[in-house]
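Observations on the model geometry
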Amino acid sequence: MKNIVRGWPLVLFCSVACNSDAGRSQEQRQTVASAVPARGDVEKRPAIQQPIPAGMVELTTHSRLRVQLVYATTQNVTGRPLEGYQSNGRCVLRKDTADAVIAAARDLSESRPALGILLWDCYRPQVAVDDLLAWTQMPTDETLKSQYFPSIDKRQLVNAGYIAERSSHTKGTAIDATLVEWSTGTPLDMGTRHDYFDKLAGNKGKITNLQRANRRLLQSVLHDFRPYAREWWHFSLTNE
Ligand SMILES: [Zn+2]
């Protein structure tokens, strides 16, 4: 596939998902679209394209791969776009990491063609990591707390291992990902949403057998990646 992922998250999603829209019903297309943040969710800032860091590449599309960078939208734990993402709507990864994602999508298309991989985060600029760290020290928004970190003080998110001062994302070797039903765009039930900083998102969370099986399936699909015990969605390249 030669299509390159570019632009804002909505455009990103469409540039990937719309490749396979042919043959879908109108109802299915609307369902897929409803899973994506509305354009108004993306804060309007100058769309300056920053250069891709040395050694990294823009992820190319695959027929079972979608990208929706949540930190460029309001759909994340901070409730706003992170610094650095206004010009980082693309999924950028270190070359070997991008190759591993494409290999996983290719294998999935053969083993479970009804499913696809949805990427929520790829390369994360250090300025975004710093923004996230600064956010942990700001007053807590109770609505966000109930949605994303109901049982922990946000100032403890770093010490608890949910937010890292040095992230593999900044090296371009980590991804946040889940599995979706390809025809509808509906994520499989993993027990929690993305960015849900709670025991429920980790290995020791009390989840159903189906949710546990779905997490195991995700881990087996991303066979060249190492899962993170506290967050089912976070994976680092095995040979970082
Ligand atoms: Zn992550």
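Since this is a predicted model, take the numbers as computed values, not measurements. (Residues numbered from 1 in each chain as written. Predicted model: local features only at pLDDT ≥ 70, side-chain atom pairs only at ≥ 80, totals over all residues.)

Let's shift gears to the overall build of the protein. Assigned secondary structure in the protein consists of 6 helices and 8 strands. Reading the protein from its N terminus to its C terminus gives the helix and strand order α-α-β-β-β-α-β-α-α-β-β-α-β-β. Evaluated residue by residue, the protein yields a buried proportion of 38% over its 240 residues. Within the protein, contacts between residues at least 6 apart in sequence are counted, and of these 76% link residues at least 24 apart. (Helix = DSSP H or I, 4+ residues; strand = E, 2+ residues; numbered from the N terminus. Buried ≥ 20, exposed ≤ 12 C-beta atoms within 10 Å, placed from the backbone. Contact = placed C-beta atoms within 7 Å.)

With that out of the way, let us pick up the pairing of strand β4 (residues 115–121). Most of β4 sits out of view: 6 of its 7 residues are buried. For strand β2 (residues 65–67) and β4, the ladder comprises 3 bridges, and the chain directions are parallel. Across the sheet, the residue bridging to Leu65 is Ile117, located in β4. Pairing geometry for β4 and strand β5 (residues 174–181), over 6 bridges, is antiparallel. Residue pairing in the sheet places Asp121 in a bridge with Asp176 of β5. (Pairing = 2+ DSSP bridges.)

A few words now on the confidence of the model for the protein. Here the protein shows a mean pLDDT of 82. Residues at 70 or above account for 78%. Throughout residues 1–47 the model reports pLDDT below 50, and contacts reaching past four residues in sequence, or to other chains, amount to 79 contacts. (pLDDT = per-residue confidence, 0-100.)

The subject of this paragraph is helix α6 (residues 209–221). Taking 1.5 Å per residue, 13 residues should reach 18 Å; α6 reaches 18 Å between its end C-alpha atoms and fits that length. Taken together, the buried positions of α6 are Asn214, Arg215, Leu218 and Val221. One side of α6 holds all its buried residues, which, seen down the axis, span an arc of 125°. For α6, the exposed residues set more than 90 degrees away from the buried face come down to Asn209, Arg216 and Ser220. If you follow the buried residues of α6, they end up packed against α3 (95–111), β4, β5 and β8 (231–237). (Expected span 1.5 Å × (residues − 1). Arc of directions from axis to C-beta.)

Okay, the pairing of β5 next. By the criterion of burial, β5 is predominantly enclosed, with 7 of the 8 residues buried. Here β5 pairs with β8 via 3 bridges, running antiparallel. Paired with Ala174 across the bridge in β8 is Ser236. In the sheet, β5 pairs with strand β6 (residues 186–187) via 2 bridges, with the strands oriented antiparallel. Its bridge partner being in β6, Val180 is matched across the sheet by Pro187. Adjacent in sequence and paired antiparallel, β5 and β6 are bridged by 4 residues, among which Gly185 carries a positive phi angle near 80°.

Our focus in this paragraph is the environment of Tyr196. When you line up the elements, Tyr196 lands in the loop between β6 and α6. Taking the number of C-beta atoms within 10 Å as the measure of exposure, Tyr196 has 20 and is therefore buried. It is 8.6 Å that separates the C-alpha atoms of Tyr196 and Pro150, two residues lying 46 residues apart in sequence. Once residues within four sequence positions are removed from consideration, Tyr196 is found in contact with Tyr148 and Ala201.

Here we come to the environment of Gly116. Summarising the element assignment, Gly116 is placed in strand β4. Given 25 C-beta atoms within a 10 Å radius, Gly116 is considered buried. As for Gly116 and His62, which are separated by 54 residues in sequence, their C-alpha atoms are 9.6 Å apart. Once residues lying within four places of it in the same chain are set aside, the contact partners of Gly116 are Arg64, Leu65, Arg66, Val180 and Trp182.

Our focus in this paragraph is helix α4 (residues 126–135). The complete set of buried residues in α4 reads Ala128, Val129 and Leu132. Buried residues of α4 fall within an arc of 105° about the axis and therefore sit on the same side.

Below, the discussion takes up the nonpolar core. Ile117, Leu119 and Ala177 are the most contacted members of the largest nonpolar core, which has 50 residues in total. Where this core is concerned, the elements lending two or more residues are β2, β3 (92–94), α3, β4, α4, β5, α6 and β8. With 6 residues, α3 is the largest single contributor of residues to this core. Setting aside chain neighbours within four positions, we find Ile117 in contact with Arg64, Leu65, Ala104, Ala105, Leu108, Ala177, Leu179 and Val221. (Core = buried A, V, L, I, M, F, W, Y, C linked by C-beta atoms within 7 Å.)

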